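# Observations on the model geometry
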Amino acid sequence: MKFVSKKMDTKLCSHAAAMSTSLGDHQLRNRLAVAPMSRVSAGPDGVPTSDMAAYYARYAEGGFALVITEGIYTDGVYSQAYALQPGLVSPAQVRGWRRVTDEVHAKGGLIVAQLMHAGALSQYLTRTIAPSAVQPVGVMMSEYGGAGRFPLPVEMSVDDIRVLTDGFVQAAMYAQEAGFDGVEIHAANGYLLDQLLTPHLNLRTDEYGGSMANRFRIIGDIIHGIRRVVRAGFIVGLRLSEGKVNDLSYRWPEGAVMAREVLEQVKLAEPTYVHIAAEHGDWRRDCLYEDGSSYGGLARMITGRPVVVNGGLHRLDIGEEVLRGHGDILALGKAALADPFWPATMGFF
Ligand SMILES: Cc1cc2nc3c(=O)[nH]c(=O)nc-3n(C[C@H](O)[C@H](O)[C@H](O)COP(=O)(O)O)c2cc1C
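In this report, the structure presented in the accompanying data block is examined. Predicted model, so just to flag it, every value in this text is computed and none were measured. (Residues numbered from 1 in each chain as written. Predicted model: local features only at pLDDT ≥ 70, side-chain atom pairs only at ≥ 80, totals over all residues. Heavy atoms only, no water.)

A tally of regular secondary structure across the chain gives twelve helices and twelve strands. In terms of overall dimensions, the chain has a C-alpha envelope of 55 × 50 × 40 Å along the principal axes. Looking at the chain as a whole, 62% of its 349 residues are labelled buried. Residue pairs in contact within the chain that sit at least 24 positions apart in sequence constitute 73% of those at least 6 positions apart. Of the accessible surface of the chain, which amounts to about 13300 Å², a share of 52% is contributed by carbon and sulfur atoms. Taken as two groups, the 33 positive and 37 negative side-chain charges of the chain have centres that lie 5 Å from each other. (Helix = DSSP H or I, 4+ residues; strand = E, 2+ residues; numbered from the N terminus. Buried < 20%, exposed > 50% of the residue type's maximum accessible area, 1.4 Å probe, protein only. Contact = heavy atoms within 4.5 Å. Areas by Shrake-Rupley, 256 points an atom, 1.4 Å probe, with all protein chains shown as cover. Lys, Arg positive; Asp, Glu negative; His and termini not counted. Charge placed at Lys NZ, Arg CZ, Asp CG, Glu CD.)

Here the focus is the site of the ligand. Pro36, Ser38, Asn310, Gly312 and Gly333 are the nearest of the 20 residues found near the ligand. Within the side chain of Asn189, one N or O atom sits 3.3 Å away from a nitrogen atom of the ligand. The backbone of Lys334 places a nitrogen or oxygen atom 2.8 Å from an oxygen atom of the ligand. Relative to its free-state accessible area of 610 Å², the ligand is covered by the protein chains to the extent of 89%. For the shell around the ligand, the residue count by class is six nonpolar, ten polar and four charged. (Near = heavy atom within 4 Å. Polar contact = N/O pair within 3.5 Å; in protein donor to acceptor, adjacent residues only side chain to side chain. Nonpolar A, V, L, I, M, F, W, Y, C, P; charged D, E, K, R; others polar.)

This brings us to unusual backbone geometry. One non-glycine residue, Glu254, lies in positive phi territory at about 70°. Note on placement: Glu254 falls in the loop between strand S9 (235-244) and helix H7 (255-269). What makes Glu254 exposed here is its relative accessible area of 61%. One non-glycine residue, Glu270, adopts positive backbone phi at about 55°. Structurally, Glu270 can be placed in the loop between H7 and strand S10 (273-277).

Bringing the pairing of strand S12 (residues 329-332) into the picture now. Burial of S12 is two-sided: the residues Ile329 and Ala331 facing one way and the residues Leu330 and Leu332 facing the other way are all buried. Inspection of the sheet shows strand S3 (residues 32-34) paired to S12 by three bridges, in the parallel sense. Counterpart to Leu32 in the pairing with S12 is Leu330. Looking at chain direction, strand S11 (residues 307-310) and S12 are connected through three bridges and run parallel. If you follow Asn310 over to S12, its bridge partner there is Ala331. Crossover connection from S11 via helix H10 (residues 316-322) to parallel S12: handedness right-handed. (Pairing = 2+ DSSP bridges. Right-handed = clockwise from strand over helix to strand, strands pointing away.)

Running from N to C, helix H2 (residues 50-61) and helix H3 (residues 91-106) cross one another at 25°; their axes reach a closest spacing of 8 Å. Here H2 lies roughly parallel to H3, going by the angle between them. Where H2 crosses over H3, the handedness of that crossing is right-handed. Contacts between H2 and H3 involve Ser50, Met52, Ala53, Ala54, Tyr56, Ala57 and Ala60 from the former and Trp97, Arg99, Val100, Glu103 and Val104 from the latter. When its residues are assigned to classes, the contact of H2 with H3 shows nine nonpolar, one polar and two charged. (Axes fitted to C-alpha atoms, helices over the stretch in contact; angles between N-to-C directions. Parallel < 35°, antiparallel > 145°, perpendicular 65-115°, else oblique. Left-handed = near helix turned anticlockwise from the far one by under 90°.)

Written out as structure tokens, the structure reads:
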């Protein structure tokens, strides 16, 4: 169905978000994506339901070019974050996701699966793993059924690292089988892969700690491992942020200096796109540096890859500012949740 918006005017039609762009081999009908949002609405076995298929299809119908799913767990050992979170670790889950991808494709959208390992921020497990045994700050999120402090995680062993890396690769193979156009590796918001990058959460002295090359090693291995087993053209995105769900205003020590160090490693890993997120919903506050540069702008410059940017970008003036050099695609979270037809409503579709 094509929507004619009451709010459509020439100014909105000329907004950069309405222009098509590409991700790898895929053409996007505009520059609007749905940000990943956990909905904790799968079955108890992590199998996506038919309601979830209808939920995701609405975003494609409403004009979003790209749908990024909620965070999906990647192995049956330590990765799960929440009860009723969907997984990609079993054939039944693959069949459930197939319904979702078919319905999104039928509405003309692209869909990538966000793959996540909760690490120390699991609200599902009582024994958790992390790069180092550091007590997470803050308390669990009640909206995901948590209460009280997180458990003190156990420092992950080399065997744990093999299991988690293999889990991401296997989950990406399942994602391909389930009809996804790609995956997004979740290395943001304080979850395990972000714990590796964050200096005070990774105190390791082995090949996974210390230098940025060491701290990024597992993320690079995951991306290269996935590339080896999926078809050419399968999207492999990477989400990064400074803020964390349990520490929303956290910023890197040394800001842009550290961002550049991370991005030099990202460049070597060659993801299809980089997604720079501001979980708190304030891109200017969370992604700009004192010199006027931004994490997204640096990502574009250093990696040469398309950059998805997130954080309150339903505000048209800020979205326009972002698309003038700080990013290529706007990912909307809460605004998409409030109105899945936001692109159509606003006249971008
Ligand atoms: C209900 C909800 C669930 C979320 N779940 C995830 C998630 O599974 N993975 C993720 O990377 N970010 C998640 N986020 C963060 C969003 O992707 C986004 O960063 C945040 O909402 C800020 O963007 P906004 O201002 O457009 O809402 C979630 C946000 C909300 C509101």
